[in-house]
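# Examining the three-dimensional arrangement
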Amino acid sequence: MNWIQLFGLFYTFGTNQRLGMKYLLIGVLCLGIASCNSVSEKKKAKDEVAKVNKNRGEYNLAYRNIKNPDLKSTDLSPRTYSIIDVHEHLQTVEDAKRLLKAMDKLNITRCCLMASSYYTFTLNDKYGFERFKENNELLLQSRNSYPDRFSAFITIDPEDKDNLILVKDYVSRGADGIKLYLGHGAGTGKGPFHSMPLDDPRMLSIYEWAEKTQLPILFHVNLIKYYDEFIRVMDSYPLLKVCIPHFGLHKNTEKRLSRLASIFTRYPNVYTDISFGHEDFHIEGFETLSKWRTRSKEFVEKHADRIMFGTDMVLEKTKTIEYIENTLRSYMQWIEDKEFCFFYKPDYPMWGLSLSEESLRKIYQETAKKFLSMDDFGMLPDRIVRD
Ligand SMILES: [Zn+2]
């Protein structure tokens, strides 16, 4: 019903009440139909929005709601920093070669390789925390073939006897750090990573020696599950050099970030990295931090002297050079750009953290130099095992 009809209705109502009553009934009927239509149209519009949101990640505010066809997932501003990457894994010499190629392209000068068990490479429940010594040797070999490009972080099974002797032997052969899975909440097919408390007596001699020699540990710790255990370790060895990767865990709620911040305040040698690892966690990690990007940016800028670059790729033969480049590049886009095309979800631009130059310099270089005890010439300490 439009304005002319409405005017006609009132006019008729004023001059002929019986006819007017008829018009009034018709009018009410029209209004009813019209409102039914608008309800179904509203529902249609809502469905359409839901469809769009679904495509860009279930109502996820990590993405813009306007497409930008000019953005490409391969876009990257010129590299101004040489980058130290503190967290990757690889299984073979071939993987090391592919990684080197991508490192050259993206100006990553050094990469810290983390030793892994066979389970980590296969994700097959058949395997437990096994064959890691094989990987330790491969990493030492890669590190000793390219001492300017790779650092090797060996791993141990906490249940093994004589682990300290083993660690000292690895260090004497070139290991630059230790990777520990003990604080990992999940497990392998055959058993949990968390096979004992982090402060179990069997682990203490390792911490003591690592603190004394300032040997860095990349320590996967679930800060929700094992917070108390971790604090007990740190209170006993407060100068231990530790990187807790992934901001303490993949799901980055404010509670977790503030827990991490309090650890930074309390212990001067604790660090984290920006890696999220496996595809699912990579998407989830970016989305969570980008969705709350003001808070995330504040946190990262405030603690940039404790935060390092890394992506936690687990390279084995199925991981192509394209995958490696896409992954490394996406982390750079994410911290540098205001918005970028995320290769896993390219339909809508994702919000980036667009960090300041000062924070980027720290995350790409300065913080890792401190973590690795690297001197101004890029040399790593020569840890001769004396005792
Ligand atoms: Zn890792």
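In this report, we go over the structure that sits alongside the text. Keep in mind it's a predicted model, so treat the numbers as computed, not measured.

Our next topic: the packing of helix 3 (residues 93-105) against helix 12 (residues 321-336). Direction vectors running N to C along helix 3 and helix 12 enclose 40°, while the axes themselves pass 9 Å from each other. As judged from the angle between their axes, helix 3 and helix 12 are oblique. Between helix 3 and helix 12 lies a crossing whose hand is right-handed. Residues Arg98, Leu99, Lys101, Ala102 and Lys105 of helix 3 form the contact with helix 12, whose own contacting residues are Ile321, Ile324, Glu325 and Leu328.

Right, let's get into the pairing of strand 3 (residues 150-155). Counting buried residues in strand 3 gives six out of six residues, a clear majority hidden from the surface. Pairing between strand 2 (residues 108-114) and strand 3: four bridges, direction parallel. Considered in strand 3, the bridge of cysteine 111 is made with phenylalanine 150. Between strand 3 and its parallel partner strand 4 (residues 177-183), the chain crosses via helix 6 (residues 163-172), and the hand of that crossover is right-handed.

So, about helix 9 (residues 254-266). Think of an α-helix as turning once every 3.6 residues; residues three or four places apart then point the same way. Helix length check: helix 9, at 13 residues, gives a terminal C-alpha distance of 18 Å against a target of 18 Å (1.5 Å per residue), a fit within 8%. The set of residues buried in helix 9 consists of Leu257, Leu260 and Ile263. Around the axis of helix 9, the buried residues are gathered within 115° of arc, so they sit on the same side. Exposed residues pointing more than 90 degrees away from the buried face of helix 9 are listed as Glu254, Lys255, Ser258, Ser262, Thr265 and Arg266. Contacts from the buried residues of helix 9 go to strand 7 (270-273) and helix 11 (293-302).

Below, the discussion takes up the pairing of strand 1 (residues 83-90). Along strand 1, eight of the eight residues are buried, which leaves the element largely enclosed by surrounding structure. As defined by bridge partners, strand 1 adjoins strand 2 across four bridges and the pair is classed as parallel. Each residue of the ladder has a partner; that of isoleucine 83, found in strand 2, is isoleucine 108. Direction of pairing for strand 1 relative to strand 9 (residues 314-315): parallel, over a ladder of two bridges. When the sheet's bridge partners are listed, leucine 90 is paired in strand 9 with leucine 315.

About the thresholds
- Residues numbered from 1 in each chain as written.
- Predicted model: local features only at pLDDT ≥ 70, side-chain atom pairs only at ≥ 80, totals over all residues.
- Axes fitted to C-alpha atoms, helices over the stretch in contact; angles between N-to-C directions.
- Helix = DSSP H or I, 4+ residues; strand = E, 2+ residues; numbered from the N terminus.
- Parallel < 35°, antiparallel > 145°, perpendicular 65-115°, else oblique.
- Left-handed = near helix turned anticlockwise from the far one by under 90°.
- Contact = placed C-beta atoms within 7 Å.
- Buried ≥ 20, exposed ≤ 12 C-beta atoms within 10 Å, placed from the backbone.
- Pairing = 2+ DSSP bridges.
- Right-handed = clockwise from strand over helix to strand, strands pointing away.
- Expected span 1.5 Å × (residues − 1).
- Arc of directions from axis to C-beta.

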